[in-house]
Amino acid sequence: MSDVQLPDLKFKLWTMLREDLVQYVPAFEDADTLLCPICCRPLRYEQFSLEHILPQQAMKLDPTDVRNAIIKNERSGLTLLCSETLIVGNKSYAKGCNGWKGRNFDPHISDLLKRGPFSIQFADTHIIALLVVGYLGLFKQYGYRVALTDRSLVLRNQFFNPRRFTKHLPLKSQMVLSGDPHTQYGPETHAYWSDPVKVYVDATKATIAIRNYSVILSLSYDPTIPLARTLAYAPRKHVFRPDLRLAFQ
Ligand SMILES: [Zn+2]
């Protein structure tokens, strides 16, 4: 896919995410903003940029037959993240959550996806990087219904603590499973390359496969349960109350 189509892709994602958000937070209907799925700041179109969930740098290392068969954006997965300067503590960071992910996590994700003998020293940052990828995959699939919850806030807060686990991160999220990576393209490995982040929800647990790795995220609600939209009263599990707290405070 040529870069000429990127503005078009950004607009499509913006429109889709706005429609999703308005379902849960109707106040956004008349606004010209969207909530960043990580920091949760309401920002305008020009304050967002396209985010490649698996870094573009890592996609260049895929085998030639894979690169020929599946376009880069499909192999990496796309969403929107803010690119507006962030102030965390008393420091400011250019390019918002998009820049923060690029600096703090993308090099680690690329390390993990490199082929050949596993040579890196596995650290908490690698697990946190995979959790961030997992969370973005979860957001891509279920939208604000999973982002605006207290369990996701734990993960979004972890995003701003890239080196060590926060005390709120569940133990089951502090581990990663890995298998042997595929090294070739074929009909049986197509989904491995084309669908970079696969989400399996089981009630309030999401198991997320990122190529040959897998991590677990806790969910506040099962996002596959239908929500009551017209009833005056509905049981708790059919009602969604968005949590709009910022992630870095
Ligand atoms: Zn953000």
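Residues numbered from 1 in each chain as written. Predicted model: local features only at pLDDT ≥ 70, side-chain atom pairs only at ≥ 80, totals over all residues. Heavy atoms only, no water.

### Side note on the pairing of strand β10 (residues 213–218)
Then, number 1: Burial within β10 is extensive, with six of its six residues counted as buried.
Then, number 2: Burial along β10 is two-sided: Tyr-213, Val-215 and Leu-217 and Ser-214, Ile-216 and Ser-218, pointing in opposite directions, are all buried.
Then, number 3: Both strand β9 (residues 205–210) and β10 contribute to a ladder of six bridges, which runs antiparallel. Residue pairing across strands places Ala-206 opposite Leu-217, the latter belonging to β10.
Then, number 4: Counted between consecutive antiparallel strands, the loop separating β9 from β10 contains two residues, among which Arg-211 sits at a positive phi close to 50°. (Buried < 20%, exposed > 50% of the residue type's maximum accessible area, 1.4 Å probe, protein only. Helix = DSSP H or I, 4+ residues; strand = E, 2+ residues; numbered from the N terminus. Pairing = 2+ DSSP bridges.)

### Thoughts on the coordination of the zinc ion
Then, number 1: For the zinc ion, the full set of protein donor atoms is Cys-36 (SG), Cys-39 (SG), Cys-82 (SG) and Cys-97 (SG), and the range of their distances to it is 2.3 Å.
Then, number 2: Taken together, the four donor atoms surrounding the zinc ion define angles of 105 to 112° at the centre, an arrangement classified as tetrahedral.
Then, number 3: As a motif over one chain, the donors of the zinc ion read C-x2-C-x42-C-x14-C. A residue pair is termed long-range when its members are at least 10 positions apart, and Cys-82 in strand β4 (residues 78–82) and Cys-97 in helix α5 (residues 96–104) qualify at 15 residues. Here Cys-82 matches Cys-97 in class, with each residue buried. (Donors = N, O, S within 2.8 Å, 3.2 Å for Na, K, Ca; no water. Tetrahedral: all angles 85-135°; square planar, octahedral: opposite > 155°, others 65-115°.)

### Digging into unusual backbone geometry
Then, number 1: One non-glycine residue, Cys-40, lies in positive phi territory at about 75°.
Then, number 2: The residue Cys-40 is located in the loop between β1 (33–35) and β2 (42–44) in this model.
Then, number 3: Phi is positive for Lys-95, which is not a glycine, with a value near 65°.
Then, number 4: Following the sequence through the fold, Lys-95 ends up in the loop between β6 (91–93) and α5.
Then, number 5: The class for Lys-95 is exposed, based on a relative accessible area of 58%.

### As for the packing of α5 against helix α6 (residues 106–113)
Geometry of a packed helix pair, given as the angle between the helix axes and the separation of the axes.
Then, number 1: As a packed pair, α5 and α6 sit with axes 4 Å apart at the nearest point and diverge in direction by 45°. Considered as vectors, α5 and α6 are oriented oblique to each other. Contact residues: α5 offers Lys-101, Gly-102, Arg-103 and Asn-104, while α6 offers Asp-106, Pro-107, His-108 and Ile-109. (Axes fitted to C-alpha atoms, helices over the stretch in contact; angles between N-to-C directions. Parallel < 35°, antiparallel > 145°, perpendicular 65-115°, else oblique. Contact = heavy atoms within 4.5 Å.)

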